[in-house]
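Okay, here's what each chain looks like letter by letter:
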Amino acid sequence: MSRDASIRLYRGLLWLYPLEFREHFSQEICLLLADNLRAQSNGRRRFAVWLAAVAAVFVDAPREHYRMIRQDVIYALRTMRREKLTSLIAILVLALGIGSSATIFNLVNGLLLHPLPFPEQDRLISVAESSRTAGGFGASVAFPNYLDFVRANRTLESFALYSSGLVALRREGQDAENIPGGFGTGPLFRVLGVQPLLGRTPAEEDDRPNAAPVAVLSEDLWRTHFGGDPAVLGKTVLMGTMFGIKATQVIGVMPHGFHFPDDAQLWMPLQLDVATNTRTDHWLRGIARLKRHVTPEQAQTDLRVIMDQISRDHPKETYGQTVNTALFQTRTTRDVRPVLLTLMAAVGFVLLIACANIASLMLVRAAARQREIAVRGALGASRSRLVRQFVVESGLLGILGAIGGILMSWAAVPALLRLTPAGTLPVWADFSADLRTWIFIVSVTAGTALLVGGLPALSASRLNLVDALKEGGRSSTAGVAGARVRACLVAAEVAMSVLLLTGAGLMIRTFLNLERQNLGYRVENVTTLYTAAPNDRYPQGPASGQLVERIGRELASVPGVVYVAAASDVPIADAWGRSLTVEGAPLLSLRDTPMINHTVVTPGYFKTLGIPILEGRDFNPSDQADPHVTIVDAGIARHYWPNQSALGKRVRFGPPEDHEPWHTVVGVVPEVRNQELRQLRRNSVYIPYEDRYDHATLAWLVRTDSRLASPGEALRRRIAQIDRNVAVSDVATLQQIVDESIWQERFFATLLAFFAALAMLMATVGLYGVMAYTVSRRTHELGIRMALGASAREIRAMVLLQSGRLVGAGLAVGVVAALLLTRLLEEQLYGVKPTDPQTFLAVSALLVAAGLLASYLPARRATRVDPMLALREE
Amino acid sequence: MPRKPPEPESPADFLPLQKDMFHILVALAGHDRHGYSIMQDIAARTEGRLNISPSSLYSAIKRMMDTGLITELDERPDPQRDDQRRRYYRITDFGRKVAIAEARRLERLLADARATGLVPKRL
């Protein structure tokens, strides 16, 4: 290598040094090396010297960077100490901004980004039959259709149906206990792809009808209920399910953290029979594993072709349905996804407002430090050095803010999770911080520092040194430009606040509308619970009827209990839909028959829930003799028998072709919300409880007077006294059930309101800062005006007008943006339009008030300017 | 490059002085020198035992300028003989004080070692 080339190479390496060092010394360093090389006597020694010089660069250059940053940090810390209050406010504001973002990101990460605990989860899809007319994804797959899908599909590696339900676990000498269970067709565990910890999972043979019953335990259940003993394999335990109570052999234990579906602790094969599960029985959900390199859409096309064939082959048992598929993870998080993404956008705005606020603060600081900057510049500090100084300062604020934000988010995430009722979030949601969280926090912090430090840095680098030195930084051009930028920042803050406040206002109205929704029944003072009676002791017939009667009697005798009734389910949770056929009306195909909500109830149900009987009568014990009676709601009565009494008319349930017995209408009750608060999804019919029905699990509704604060335990004890083999579970008040059904709206409204309040507070403070600063800079001008005879009122009006212009501009932009963006919220809203004028007016009024508040103090200070003092400054 | 006026620090704040810096101060004690001359001086005094690389030399020079131990000269001492591109450095009064303080420290160190008999009176 020639000497020139080696010097050139060396010079290239000097790029590792900071720009400033390089600019000043690189030429000298290269000269020095050239001198050194020249002094060497031979090539080998020259090479050794060159190599040593090169090696030294790799040590010295990073050191030089380190020293420089250290110097900047020390300088920044000194500045922060000097301006304690401003720095503290800046750190606090950034901590709130970063903390909010980190908190919501944590939720997004835990729910939407975190992989499910199933291998290759991007091959897991949900499958559902769906009505073409009703739209939506659909919920279930009929068992015979499933068998056809399994036979004919070309896109699925495996496919299973599943369901969940309570399993009454009976161990000798102990109270029966209801455990959440999962039921699946044979391939379920193959679809999920999870291996057992011990033993095996059900094989296809175990899923045949009348095969010996087997069960797999969760690791948790195995430890808590079976002492973690491996000898549990092969043991037989009495387990009661919707199919009756059976001696069930434990064949396996699943590893820790395996949950499917929901919070199931124990799994059994469904053992379905096509004889009893027809194409019209829709209660099983579908999950499948795609073959490799197959997309959910391809599988959907494949299954739809099969579905069309099924519809052609079985026109009477189908309703022209189609099939939908979607990634399983997308389906399980569909409820929270829009909420979380909206919240993410909201915290993004909060963070932007925080940045705008601090950038504005830093601009003021920069303006106040113009002289210092000018002096440093005049002494030879390069522009790049000055810019870096600002970036380091804002970076330091950003890092301190991020530390505050991380602490805040540590406290906030568990608090937020407490706002979500148990069982509403997927069990596998994992909210611990992972690599993604840290990448997010680091990039948000870096972005914040750049946003916050960028503007002042830019303004400092454009500073005209001569002007700044001459005029002491009072009215230099950079100051004017800075003021304009700050005005824009404040207007932007106001606009973003309007957006957030509007969103929050709409969600609060939604939540209040839902909370005040008239459900048609009285929610307060009703306690609900489920019982599961072992059907070996209480088989269908008189024995189970007597048990129900006895439980009802015993519960009614608990002090404080007013009414007791049993039903197939509690309101809101109720989801037993059946087709309705009306005598005299044309016989419709399955596709066209209306779906109604079908609730089995004991006498006294309506009294317990405070539902008035509009016409006819309640059920009574004598209906046991002739159980083919029904009570319908007013909507059905109005629709089928307008202008006449519904009493005595006859209807029947289930597929139109099934010819189930006719039921005579004996009563009419008002329409009530039996599925959800938002809408009356289906009208309701009520059927009397009869002991011939197989109701292993029953819901109990107990109305108490206000004396009995929390009756749950007393009720549970009373049932245990009757028979400890009757499992009791899900004790909750009806109020809790109703509240939980709208937790999402509450969660959403609460958080949005919090973020909107934060945004408005920051915008107000930002406006105050700008106005106070403007007034202080205009002291001289105001003094002259007052000396020339301007009244205090005129001065005040002038200042208020200026702030009014800022707020007005922000408001205008914000309202337009809100009109465009609140439409995205439409699906979340209830009883309020996205363009609700009341909300928009209220938000505008609120911001105008905040604007007045923020500018009142500066305006008052402006009127107190002493003309003499102001002029003397000149 | 900010040539900040030296901070009001006392020479004691710099002790113990980094070896490279001490040698540079010693090299500049008699003459103003440019980089290569400093290097040659150090090499001569240490009989080639201390070889400072060009980049390390200027890292040290920069730090010493930042802390006011040396300054860069605007004029060239002998325009006839010297390359115009070279920068010359001069020890400041403060730098002199620091060098003396460091020399005293070393002296005391040696004296301590002698007092204990670890090191003979004459090497």
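Residues numbered from 1 in each chain as written. Chains lettered and ligands numbered in written order. Predicted model: local features only at pLDDT ≥ 70, side-chain atom pairs only at ≥ 80, totals over all residues. Heavy atoms only, no water.

A. Structural view of the overall build of chain B. A tally of helices and strands in chain B yields four helices and three strands. Reading chain B from its N terminus to its C terminus gives the helix and strand order α-β-α-α-β-β-α. Per-residue burial over chain B gives 46% buried out of 123 residues. Across chain B, contacts joining residues at least 24 apart in sequence account for 58% of those joining residues at least 6 apart. (Helix = DSSP H or I, 4+ residues; strand = E, 2+ residues; numbered from the N terminus. Buried < 20%, exposed > 50% of the residue type's maximum accessible area, 1.4 Å probe, protein only. Contact = heavy atoms within 4.5 Å.)

B. Structural view of the overall build of chain A. If you tally the helices and strands in chain A, you get 25 helices and 21 strands. By the compact-globule yardstick of 29 Å for 874 residues, chain A is too spread out, its C-alpha radius of gyration being 37 Å. Principal axes of the C-alpha set define a box for chain A whose edges measure 110 × 90 × 55 Å. For chain A, long-range pairs separated by at least 24 residues make up 81% of all intrachain contacts whose partners lie at least 6 apart in sequence. Accessible surface, chain A as shown: approximately 38,900 Å² in total, 58% of it carbon and sulfur. (Rg over C-alpha atoms; globule rule 2.2 N^0.38 Å. Areas by Shrake-Rupley, 256 points an atom, 1.4 Å probe, with all protein chains shown as cover.)

C. Structural detail: the sheet that holds strand E2 (residues 70-72) of chain B. All names here are of chain B. Across the sheet, three strands lie side by side as E1-E3-E2; this open sheet has antiparallel pairing. Of all the strands in the sheet, just strand E1 (33-34) and E2 have a single pairing partner and so form its edges. Where E1 meets strand E3 (residues 88-91), two bridges bridge the pair, whose relative direction is antiparallel. Paired with Arg 33 across the strands is Tyr 89, a residue of E3. This element, helix H1 (residues 19-30), spans E1, E2 and E3 of the sheet and lies at about 90° to E3. Strand contacts of helix H3 (residues 54-66): E2 and E3, with the helix running at about 100° to E2, the strand carrying the most contacts. (Pairing = 2+ DSSP bridges. Axes fitted to C-alpha atoms, helices over the stretch in contact; angles between N-to-C directions.)

D. Main features of the interface of chain B and chain A. Counting residues at the interface gives 23 residues for chain B and 27 residues for chain A. Taken together, both faces of the contact between chain B and chain A bury some 2,400 Å²; the carbon and sulfur share is 55%. Here chain B is connected to chain A by two salt bridges. The salt bridge involving A:Glu28 is made with B:Arg87; its shortest N-O contact spans 4.0 Å. Between chain B and chain A we count eight residue pairs in polar contact (both at pLDDT 80 or more) in total. (Buried area = accessible area lost by both parts, 1.4 Å probe. Salt bridge = Lys/Arg side-chain N within 4 Å of Asp/Glu carboxyl O. Polar contact = N/O pair within 3.5 Å; in protein donor to acceptor, adjacent residues only side chain to side chain.)

E. Molecular detail of the packing of aromatic side chains. All names here are of chain A. Here the structure, examined in full by the defined rule, presents 23 aromatic pairs over all chains. Centroid distance Phe 260 to Phe 328: 5.7 Å. Interplanar angle 45°. Geometry classified as tilted. You can see Phe 260 sitting in the loop between strand E7 (244-253) and strand E8 (266-269) and its partner Phe 328 sitting in helix H9 (residues 328-332), a full 68 residues away along the chain. Judged by its relative accessible area of 1%, Phe 260 is buried. (Phe/Tyr/Trp six-rings, centres within 6.5 Å; stacked < 30°, edge-to-face > 60°.)

F. Looking closely at a nonpolar patch on the surface. Residue and element names in this part refer to chain A. A surface patch of nonpolar side chains, about 510 Å² in accessible area, is lined by Ile 399, Leu 400, Ile 403, Leu 407 and Trp 410. Within the secondary structure, Leu 400 is located in helix H12 (residues 383-419). For Leu 400, a relative accessible area of 31% translates into the label partly exposed. (Patch = residues over 30% accessible without salt bridge, like charges linked within 9 Å, V, L, I, M, F, W, Y side chains within 5 Å.)

G. Geometry of the pattern of salt bridges. Overall, the coordinates contain 34 salt bridges over all chains when judged by the stated rule. A:Arg190 serves as the salt-bridge partner of A:Glu204, at 3.1 Å between the closest nitrogen and oxygen. One end of the pair, A:Glu204, is in the loop between strand E4 (198-199) and strand E5 (214-217); the other, A:Arg190, is in helix H6 (residues 188-192), and 14 residues separate them in sequence. A:Glu549 is the partner of A:Arg553 in a salt bridge, and the nearest nitrogen-oxygen pair spans 3.8 Å. You can see A:Arg553 and its partner A:Glu549 sitting in helix H16 (residues 542-556), four residues apart, about one turn around the helix. By the burial criterion, A:Arg553 is exposed, and A:Glu549 matches it. Each of A:Glu64, A:Arg67, B:Lys62 and B:Asp66 takes part in a single network of salt bridges with overlapping partners.

H. Looking closely at the packing of helix H5 (residues 143-152) of chain A against helix H8 (residues 296-313) of chain A. All names here are of chain A. It is at 10 Å that the axes of H5 and H8 come closest, and there the two elements cross at 130°. Of the possible angle classes, the one that applies to H5 and H8 is oblique. Here H5 runs over H8; the crossing is right-handed. Between H5, through Asn 145, Asp 148, Phe 149 and Ala 152, and H8, the contact on the second element is made entirely by Leu 303, Ile 306, Met 307 and Ile 310. Class assignment of the residues belonging to the contact of H5 with H8 gives a composition of six nonpolar, one polar and one charged. (Parallel < 35°, antiparallel > 145°, perpendicular 65-115°, else oblique. Left-handed = near helix turned anticlockwise from the far one by under 90°. Nonpolar A, V, L, I, M, F, W, Y, C, P; charged D, E, K, R; others polar.)

I. Region of the structure containing the domain arrangement of chain A. All names here are of chain A. Domain assignment breaks chain A into domain 1 (3-69), domain 2 (83-119 + 336-475), domain 3 (132-320) and domain 4 (538-722). Once you take the C-alpha centre of each, domain 2 and domain 3 turn out to be 48 Å apart. If you look at the interface, domain 2 gives five residues, while domain 3 gives 10 residues. Summed over both partners, the interface of domain 2 with domain 3 comes to about 570 Å²; 69% of that surface belongs to carbon and sulfur atoms. For domain 2, the biggest contributors to the area lost against domain 3 are Phe 118, Pro 119 and Val 427; these three give 77% of the whole. Our enumeration of links across domain 2 and domain 3 arrives at one residue pair in polar contact (both at pLDDT 80 or more). Partitioning the side of domain 2 that touches domain 3 into residue classes produces five nonpolar, no polar and no charged. (Domains from an automatic or database assignment.)

J. Focus on the nonpolar core. All names here are of chain A. Formed by 116 residues in total, the largest nonpolar core has its most connected members in Ile 104, Leu 343, Tyr 521, Tyr 605 and Tyr 686. There are two domains that each give this core at least three residues, and those are domain 2 (83-119 + 336-475) and domain 4 (538-722). In this structure Tyr 605 touches Ala 565, Ala 566, Ala 567, Pro 571, Thr 599, Asp 618, Tyr 686 and Leu 701, once residues within four positions along its chain are discounted. (Core = buried A, V, L, I, M, F, W, Y, C linked by side-chain atoms within 4.5 Å.)

K. Looking closely at the side chain of A:Glu745. Mapped onto the fold, A:Glu745 is located in helix H21 (residues 743-777). Each residue touching A:Glu745, except ones within four places of it in the same chain, is listed here: A:Met507, A:Thr510, A:Phe511, A:Leu514 and A:Arg678.

L. Here's a closer look at the packing of H21(A) against helix H23 (residues 792-821) of chain A. All names here are of chain A. Interaxial distance between H21 and H23 falls to 11 Å at its minimum, and their mutual angle equals 145°. Between H21 and H23 the crossing geometry is right-handed. For the pair formed by H21 and H23, the contact residues are Leu 767, Val 770, Met 771, Thr 774 and Val 775 on the first element and Val 799, Gln 802, Ser 803, Leu 806 and Val 807 on the second. Per-class residue counts for the contact of H21 with H23 are seven nonpolar, three polar and no charged.

M. The environment of A:Leu782, seen in detail. Residue and element names in this part refer to chain A. Along the polypeptide, Leu 782 turns up in helix H22 (residues 779-787). Sequence separation between Leu 782 and Thr 863 is 81 residues; the distance between their C-alpha atoms is 8.3 Å. Setting aside chain neighbours within four positions, we find Leu 782 in contact with Val 775, Ile 795, Met 798, Ala 862 and Val 865.

N. Broad picture of the pairing of strand E17 (residues 650-653) of chain A. Bridge analysis of strand E13 (residues 577-582) of chain A against E17(A) gives three bridges, and the strand direction is antiparallel. Residue pairing across strands places A:Thr581 opposite A:Arg652, the latter belonging to E17(A).

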